[in-house]
Amino acid sequence: MATQASRAAARLMISPAVVLLLLWMIVPLGMTIYFSFLRYNLLMPGTEAFAGFDNYKYFLTDPAFFTSIKNTLVLVLGVLIITVGGGIALALLLDQPLWGQGIVRVLVIAPFFVMPTVSALVWKNMFFNPVNGLFAYAAKAVGLQPFDFLSQAPMFSIIIIVAWQWLPFATLILLTAMQSLDSEQLEAAEMDGASWGNRFIYIMVPHLTRAVTVVILIQTIFLLSTFAEILVTTNGGPGTATTNLTYLVYMQSLLQFDVGGGSAGGIIAVILANIVAIFLMRMIGKNLET
Amino acid sequence: MGQIELQKVTKSFGETQVIPPLDLVIGEGEFVVFVGPSGCGKSTLLRLIAGLEDISSGTIKIDGKDATDLGPAKRGLAMVFQSYALYPHMSVRKNIAFPLKMAGMEKAAIDAKVEGAAKVLNLGDYLERRPGQLSGGQRQRVAIGRAIVREPAAFLFDEPLSNLDAALRVNMRLEITELHQTLKTTMIYVTHDQVEAMTMADKIVVLHAGRIEQVGSPLELYRTPRNTFVAGFIGSPKMNLLTGAVAKARGVETIGIRPEHVAVSKDSGEWQGRVTVAEHLGSDTFLHVNSDHGGMTVRVGGQMNVGHGDTIWMTPDANHLHRFGADGVRIA
Ligand SMILES: Nc1ncnc2c1ncn2[C@@H]1O[C@H](COP(=O)(O)OP(=O)(O)O)[C@@H](O)[C@H]1O
Ligand SMILES: [Mg+2]
């Protein structure tokens, strides 16, 4: 695209797509912002009126709000730690030449293809259930009292469910990174007298930082809006023990029919997500530069 | 320190035997070059010595001690890889210091050694850079630096110059040879380039399909190649190998004559031929000739005025004529 004319033509031809994408994003965002300033409850149709920042005030002063922020962070961090740690371990294992490697790889990737609602239900009913669950069965087999995961350690249980779904993604990315490590580097380190542990710390981990960064960034984006797993297992409870920001917005707007309050929560969630994004890019974004 | 002995060493990858039983002794302080065409097993042999591959059978002795089952770190050998294998996230200083750090040496001692190596290799100004910010030749030097700080019993080089451009290659060739003269450590050097082999080696090992075709000094190989493979591989341009009537007339299957051992005349001689291409190098001219006995290459002085299409006469120097039997082996 060297000439002025061709550049102008390129802009003209790309503009419909850009405009469509812009509208696609701007219209819902604009409407959400608009609703967030209205007193708008579905149970009282026809009473919409401008409410100023009242909706924001109610949402921010709701005692559940800070709990939900804390829950969101705990959930994201917990899942990140498990998936990155487990992902590295699995990538190291799968990188070894082992018999039936192809099948093992497919098995590892499988959870990624299971819908969140389904996997959460499977975990809830098949594993965590204190009466019929496999964990309860195992506990009883060794003579222990079954543990009711979802009511006694609800956040931990949700983290396990979500981590199980995201582990394949992390493993896949880290495995690819692992395989792109020049084997001569490892051999050179081996000749230099580095033990396996030292090769891991000094050669593999630095090589994996970029992939780990990608995993953290992408997963954080999705984990901030975890919803289905909570809805089908704990419904945000007991109390607000597993209510994250997304679930709080859902409760506000759909369980209490308060569209205005829900919209205000949505906007706050958007702002917080951006803060997290900026924070993350500052912290680890430099790993992505070459 | 630095004597290596291979006894009946073999290597197979699955069903395919890459190295058939092989015996070789590498003397202390020698500069040994493994040379052979691509895929003949040079790297494999070097990696067997390094301990990066397990041998399928046989024994490897280093300084008289059985090293067959020792890990690569325990053999006291250092290797320079074709890709240099520098650690990309570490500075040059950290790269060179890495083996010392792994050996648990003190920081002050490490620094002194790294500075010393950097001085020898002219890397002083680059110590804080990353490998990605260096040129090919500099990376090569860092890789060598990482090897020499360990003071190994022997250095192993796997085609270390093949990623460099021609001019730099000649330079690095000299530097490595000088390094060998300074350190006097055993060096094993793998290359597919016979010019490198001829110019650098004390002893050349010619490999072909995993077998050793001949071991000897560069001039031995040049003067008395043991078979047609070595004859054709060592020397540049290649030796002319003629079969058929000319060879039969001398009672053998194949005769060989190097381009520099043929007298060329425009009016009389033993064999006649037509020049197809004349390559003028200034001091010499190489003539590619279509002769009665097949394609040949001959060398003439740069002042001789011949070109494409000229008819010339060639007379081989009887003292430098090589004769080979039906099995390709030299007949003395
Ligand atoms: N890891 C391996 N698995 C199977 N075959 C191999 C392996 N490494 C090398 N080979 C084979 O061994 C032969 C010699 O390889 P190599 O030693 O790399 O040759 P060179 O270095 O002389 O070019 C080649 O035919 C190659 O295909
Ligand atoms: Mg090779």
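Everything numeric here is computed off the predicted structure, so don't read it as measured data.

1. A word on the interface of chain A and chain B
- Contact residues are listed per partner, giving 15 residues for chain A and 22 residues for chain B.
- Of all residues in chain A, Met191, Asp192 and Tyr202 of chain A give up the largest surface area on contact with chain B, accounting jointly for 43% of the area buried on that side.
- Taken together, chain A and chain B are joined by three salt bridges.
- Across the salt bridge formed by Arg47 of chain B and Glu187 of chain A, the nearest N and O atoms sit 2.7 Å from each other.
- The interface formed by chain A and chain B holds six residue pairs in polar contact (both at pLDDT 80 or more) in total.

2. Focus: the packing of helix α3 (residues 63-95) of chain A against helix α4 (residues 101-109) of chain A
Residue and element names in this part refer to chain A.
- At a minimum axis separation of 10 Å, α3 and α4 run at an interaxial angle of 160°. With respect to their mutual orientation, α3 and α4 come out roughly antiparallel. At the point where α3 passes α4, the crossing takes the left-handed sense. Listed contacts from α4 to Leu90, Leu94 and Asp95 of α3 are Gln101, Val104, Arg105 and Val108.

3. Focus on the packing of α4 of chain A against helix α8 (residues 154-179) of chain A
Residues and elements named next belong to chain A.
- Between α4 and α8, the shortest axis-to-axis distance is 8 Å and the interhelical angle comes to 140°. With respect to their mutual orientation, α4 and α8 come out oblique. Taking contact as the criterion, the partners of Arg105, Val108 and Ile109 in α4 are, on α8, Pro168, Thr171, Leu172, Leu175 and Gln179.
- Considered class by class, the residues forming the contact of α4 with α8 number five nonpolar, two polar and one charged.

4. A word on the pattern of salt bridges
- Applying the stated criterion across every chain, the model contains 16 salt bridges over all chains.
- The shortest N-O distance in the salt bridge between Glu270 of chain B and Arg250 of chain B comes to 3.0 Å. Here Glu270 of chain B is found in the loop between β13 (262-265) and β14 (271-280), whereas its partner Arg250 of chain B is found in the loop between α9 (245-249) and β12 (254-257), with 20 residues between them in sequence.
- Accessibility expressed as a relative area gives 40% for Glu270 of chain B, which makes it partly exposed.
- When salt bridges with common partners are traced through the structure, they connect Glu187 of chain A together with Lys11, Arg47 and Glu53 of chain B into a single cluster.

5. A closer look at the sheet that holds strand β5 (residues 65-66) of chain B
All names here are of chain B.
- Strand order across the open sheet formed by four strands is β2-β1-β4-β5, with antiparallel pairing between neighbours. This sheet does not close on itself; its edge strands, each paired only once, are β2 (16-26) and β5.
- Pairing geometry for strand β1 (residues 4-13) and β2, over seven bridges, is antiparallel. In the sheet register, Glu5 faces β2, and the bridge partner there is Val25.
- The strands touched by helix α1 (residues 42-50) are β1, β2 and β4 (57-62); relative to β1, the strand with the most contacts, the crossing angle is about 120°.

6. Remarks on the domain arrangement of chain B
Residue and element names in this part refer to chain B.
- Parsing chain B into structural domains produces domain 1 (4-230) and domain 2 (239-324).
- One C-alpha centre belongs to domain 1, the other to domain 2; they are set 38 Å apart.
- Tallying the contact residues gives seven residues for domain 1 and eight residues for domain 2.
- Summed over both partners, the interface of domain 1 with domain 2 buries about 510 Å², with 60% contributed by carbon and sulfur atoms.
- In terms of surface lost to domain 2, no three residues of domain 1 exceed Tyr222, Pro225 and Thr228, which account for 84% of the buried area on that side.
- Summed over the shared surface of domain 1 and domain 2, the result is two residue pairs in polar contact (both at pLDDT 80 or more).
- When residues in the side of domain 1 that touches domain 2 are grouped by element, the largest group, three residues, is from helix α7 (residues 218-223).
- Tallied by class, the residues present in the side of domain 1 that touches domain 2 amount to three nonpolar, two polar and two charged.

7. Overview of the sheet that holds strand β17 (residues 311-316) of chain B
Residue and element names in this part refer to chain B.
- Spatially, five strands are ordered β13-β17-β14-β15-β16 in an open sheet, and the strand pairing comes out antiparallel. Looking at which strands have only one partner, the edges of the open sheet turn out to be β13 and β16 (294-301). Going from strand to strand, the sheet's axes swing by 45° on average, the running direction of each strand aside.
- With eight bridges connecting them, strand β15 (residues 284-291) and β16 associate as antiparallel partners. For Thr285, the partnering residue across the bridge sits in β16 and is Val300.

8. Considerations on a nonpolar patch on the surface
Residue and element names in this part refer to chain A.
- Taken together, the side chains of Val114, Met115, Val118, Val122, Met126, Leu134, Phe135 and Trp164 define a hydrophobic patch exposed on the protein surface, amounting to about 650 Å² of accessible area.
- Only α5 (116-128) and α6 (134-141) provide two or more residues apiece to the nonpolar patch.
- The greatest single-element share of the nonpolar patch, amounting to three residues, is contributed by α5.
- Along the chain, Val122 turns up in helix α5.

9. Considering the packing of aromatic side chains
- On inspection of all chains with the given rule, the structure shows 28 aromatic pairs over all chains.
- Here Phe112 of chain A and Trp166 of chain A contribute two aromatic rings whose centre-to-centre distance is 5.8 Å and whose plane-to-plane angle is 65°, an arrangement assigned as edge-to-face. With a gap of 54 residues between them, Phe112 of chain A in the loop between α4 and α5 and Trp166 of chain A in helix α8 connect regions that are remote in the sequence.
- For the ring pair Tyr87 of chain B and Phe98 of chain B, a centre distance of 4.8 Å and an interplane angle of 65° mean the geometry is edge-to-face. Within this pair, whereas Tyr87 of chain B is found in the loop between β6 (77-80) and α2 (92-102), its partner Phe98 of chain B is found in helix α2, the two being separated by eleven residues in sequence. In terms of burial, Tyr87 of chain B and Phe98 of chain B fall into one category: buried.
- Three or more aromatic residues joined by ring pairs make a cluster, and in this case those are Trp123, Phe127, Phe128, Phe135 and Trp164 of chain A.

Cut-offs applied
- Residues numbered from 1 in each chain as written.
- Chains lettered and ligands numbered in written order.
- Predicted model: local features only at pLDDT ≥ 70, side-chain atom pairs only at ≥ 80, totals over all residues.
- Heavy atoms only, no water.
- Contact = heavy atoms within 4.5 Å.
- Buried area = accessible area lost by both parts, 1.4 Å probe.
- Salt bridge = Lys/Arg side-chain N within 4 Å of Asp/Glu carboxyl O.
- Polar contact = N/O pair within 3.5 Å; in protein donor to acceptor, adjacent residues only side chain to side chain.
- Axes fitted to C-alpha atoms, helices over the stretch in contact; angles between N-to-C directions.
- Helix = DSSP H or I, 4+ residues; strand = E, 2+ residues; numbered from the N terminus.
- Parallel < 35°, antiparallel > 145°, perpendicular 65-115°, else oblique.
- Left-handed = near helix turned anticlockwise from the far one by under 90°.
- Nonpolar A, V, L, I, M, F, W, Y, C, P; charged D, E, K, R; others polar.
- Buried < 20%, exposed > 50% of the residue type's maximum accessible area, 1.4 Å probe, protein only.
- Pairing = 2+ DSSP bridges.
- Domains from an automatic or database assignment.
- Patch = residues over 30% accessible without salt bridge, like charges linked within 9 Å, V, L, I, M, F, W, Y side chains within 5 Å.
- Areas by Shrake-Rupley, 256 points an atom, 1.4 Å probe, with all protein chains shown as cover.
- Phe/Tyr/Trp six-rings, centres within 6.5 Å; stacked < 30°, edge-to-face > 60°.

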